[in-house]
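Each chain, letter by letter, is given below.
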Amino acid sequence: MGLKVVVDMNVCQDHGQCVFAAPEVFELDDNGRLVVMVEEPDESMRSAVEDAADVCPVQAITIEG
Amino acid sequence: MTSQRVVIAGAGLGGLRTAEALRAHGFEGEIVIFGDEAHAPYNRPPLSKEALYGEISHEKLAFRVRSTATDLTWRLNDPIAGSDLDAHTVTLASGEVVTYDALVAATGVSARRLPIPGPPATAAAGRHVIRTLDDALALRASLTQDARVVVLGAGFIGCEVAATARQLGCEVHCVAIDSHPMIRPLGVELAAELERRHKERGVIFHLGVGLTAFEGESHVTGVVLSDGTRLAADVVVEALGSRCNVEWLDGHGLDLTDGVLTDNALRAVRDGVPLDGVSAVGDIARFPNPRFDDRPWRIEHWNIPTDTGRRAATAITAYLSGTDYADVVATEWDALPSFWSDQYEIRMQSYGMPGLADADGIRLLEGELHGECVMGYHRGEDLVGVVGIGMLKIVNGYRDRVGKAEWLRARAAS
Ligand SMILES: Cc1cc2nc3c(=O)[nH]c(=O)nc-3n(C[C@H](O)[C@H](O)[C@H](O)COP(=O)(O)OP(=O)(O)OC[C@H]3O[C@@H](n4cnc5c(N)ncnc54)[C@H](O)[C@@H]3O)c2cc1C
Ligand code: SF4
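What you see is a predicted model, and the numbers here were worked out from it, not measured in a lab.

A. Broad picture of the nonpolar core. One finds Val6, Leu103, Val149, Leu186, Leu190 and Leu249 of chain B to be the most contacted residues of the largest nonpolar core, which totals 110 residues. Looking at which element gives the most residues to this core, the answer is helix α5 (residues 156-167) of chain B, with six residues. If we skip the residues at most four places from it in the chain, Val149 of chain B touches Leu143, Cys170, Glu171, Val172, His173, Val235 and Val237 of chain B. In this structure, Val19, Val25, Ala53 and Cys56 of chain A belong to the second largest nonpolar core, which totals 21 residues.

This is the structure:
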């Protein structure tokens, strides 16, 4: 089963810390709002995505698969 | 081969992240985590912010645990009372003795209490602190509309509690010995601006004064300040900084003057020499960070337990497997402290150590002080910290420019 990144947008406060951990997957748009660019990243991104979930101060990121 | 055992003291963020990183680095032995709270690790920052305002539940605050670390042995409600670093054992409060191959100290800090006589230092007597979920639940219950709240201390946590209490409709007085709230890390300009914003929202400050007495017997009824002011109070919150939970490491030659002194690989230093197999992480770790200088610092910021936990796990895995240990501990590592704070609609994000700046080294980098801005904190030529008020994306852009210390360049040149 592939990797799936889910961000609870009701919880996310646009801290942008996930962007530093996995810039290929997360981005802040011009208004500073979080955008998940790749919802089902390649398995090779697992560690970066796990790191991103760890550093989210409000624990908004879950990883399925 | 008999299985190796890592004992982690403290079931908080640092303990959890170290355990996860040990598994990520391939450690297959037993990992036992002892915690003195009843709860599995949970996120503390919301306890003075959104959770204190809204809903405080362990379910909402609990950390997710990596799927690769579901085989940890959690011993909650089971505090460690002492240790024997030569025999490689810890002794639990219950009297049980547990042996380890490697030990991780992740016991964090406790809220400091004022050594001033008065009603019992308990939430039931109206004297609160805020460090744990149970503390926050007790405080939340007394922050009722029009309650008279006195916050002692105007650091980040004190200011966050003051802001939340105002939003809940309480009358809020904030007392501090400093001349402005949060002045020590932020400097006078920004601190004075934030003071103005708090006042606008109705917080009444008593600055440059201390507390001389609590009033009341079984329950607090007020406080007396060093300038003679008396404030009536239903709720007093002591937000006066912290005390490191390191007593259980006493008596083995570690430097426990401020947390646990470690080397750059987070190994506890005994009689000046790093001790193999004993590490400290998180709020209690005092480690040299070459990003800034060669002085060891203890940093109570949320990103530090994760960063130190990963670094410690690398060293422990190498030590226990005997693979590349010397190289791993010799590879220099640096940490970038990162901090945020939410007060009303004010969103603050900081990178680095703004408190290290020269007195005349604080400059506005972006925006304007009365609105959104980024302040830069300089020591000599170096940018040692940035603080953004709003402008999150812009302040994030400064993150990688922080540190890179002058002394490091000098060392490289010589
Ligand atoms: C109210 C509040 C708001 C905060 N807000 C922010 C913020 O906005 N931004 C930010 O960057 N940081 C913030 N922080 C700081 C951040 O939460 C801490 O840096 C972080 O929790 C430290 O993690 P730790 O694992 O080192 O310690 P802790 O999370 O304290 O975990 C240590 C655990 O060990 C347990 N323990 C202690 N002694 C023993 C023993 N003898 N045996 C067994 N277990 C023991 C403790 O009970 C605790 O459960 C805040 C902290 C608080 C309390
Ligand atoms: S770190 Fe968390 S809160 Fe911040 S943008 Fe990413 S998901 Fe949102």
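B. Focus on the site of ligand 1. Residues and elements named next belong to chain B. Around ligand 1, 33 residues are found, and the nearest of them are Gly14, Asp36, Glu37, Lys49 and Asp283. One of the side-chain N or O atoms of Asp283 is found 2.7 Å from an oxygen atom in ligand 1. Among the secondary structure elements, those contributing two or more residues to the shell around ligand 1 are α1 (13-24), α5 and β23 (338-343). By residue class, the composition of the shell around ligand 1 is 14 nonpolar, 11 polar and eight charged. Residues from two domains meet in the shell around ligand 1; each of domain 1 (5-45 + 63-110 + 243-330) and domain 2 (113-240) gives at least three.

C. Fine view of the packing of α1 of chain B against helix α8 (residues 303-321) of chain B. All names here are of chain B. Running from amino to carboxyl end, α1 crosses α8 at an angle of 40°, the nearest separation of the two axes being 8 Å. Comparing their axes, α8 and α1 come out oblique. At the point where α1 passes α8, the crossing takes the right-handed sense. In this structure, α1 contributes Leu13, Gly14, Arg17, Thr18, Ala21 and Leu22 to the contact, and α8 contributes Pro305, Thr306, Gly309, Arg310, Ala313, Ile316 and Thr317. A per-class count over the contact of α1 with α8 returns six nonpolar, five polar and two charged.

D. Representation of the interface of chain A and chain B. Taken residue by residue, the interface counts 20 residues in chain A and 20 residues in chain B. Of the roughly 1800 Å² buried between chain A and chain B on both sides combined, carbon and sulfur atoms contribute 41%. On the chain A side of the interface with chain B, the three residues burying the most area are Phe20, Asp54 and Gln59 of chain A, jointly 33% of the side's total. Between Asp54 of chain A and Arg310 of chain B there is a salt bridge, with the nearest N and O atoms lying 3.1 Å from each other. At the boundary of chain A and chain B, one finds 13 residue pairs in polar contact (both at pLDDT 80 or more). Among the secondary structure elements, those contributing two or more residues to the side of chain A that touches chain B are α1 (17-21), α2 (46-55) and β4 (61-64) of chain A. If one sorts the elements of the side of chain A that touches chain B by residue count, α2 of chain A sits on top with five residues.

E. Region of the structure containing α8 of chain B. All names here are of chain B. Between the first and last C-alpha of α8 there are 27 Å, a value that for 19 residues agrees with the 27 Å anticipated at 1.5 Å per step. α8 sits mainly inside the fold: 14 of its 19 residues count as buried. A positive phi of about 70° marks Gly322, the residue just after α8.

F. Inspection of the sheet that holds strand β5 (residues 89-92) of chain B at higher detail. Residue and element names in this part refer to chain B. The antiparallel open sheet is built from three strands, whose spatial order is β4-β5-β6. Each edge of the open sheet carries a strand with a single partner, namely β4 (80-84) and β6 (97-99). For this sheet, the mean angle separating the axes of adjacent strands, direction not counted, is 25°.

Analysis parameters
Residues numbered from 1 in each chain as written. Chains lettered and ligands numbered in written order. Predicted model: local features only at pLDDT ≥ 70, side-chain atom pairs only at ≥ 80, totals over all residues. Heavy atoms only, no water. Core = buried A, V, L, I, M, F, W, Y, C linked by side-chain atoms within 4.5 Å. Buried < 20%, exposed > 50% of the residue type's maximum accessible area, 1.4 Å probe, protein only. Helix = DSSP H or I, 4+ residues; strand = E, 2+ residues; numbered from the N terminus. Contact = heavy atoms within 4.5 Å. Near = heavy atom within 4 Å. Polar contact = N/O pair within 3.5 Å; in protein donor to acceptor, adjacent residues only side chain to side chain. Nonpolar A, V, L, I, M, F, W, Y, C, P; charged D, E, K, R; others polar. Domains from an automatic or database assignment. Axes fitted to C-alpha atoms, helices over the stretch in contact; angles between N-to-C directions. Parallel < 35°, antiparallel > 145°, perpendicular 65-115°, else oblique. Left-handed = near helix turned anticlockwise from the far one by under 90°. Buried area = accessible area lost by both parts, 1.4 Å probe. Salt bridge = Lys/Arg side-chain N within 4 Å of Asp/Glu carboxyl O. Expected span 1.5 Å × (residues − 1). Pairing = 2+ DSSP bridges.

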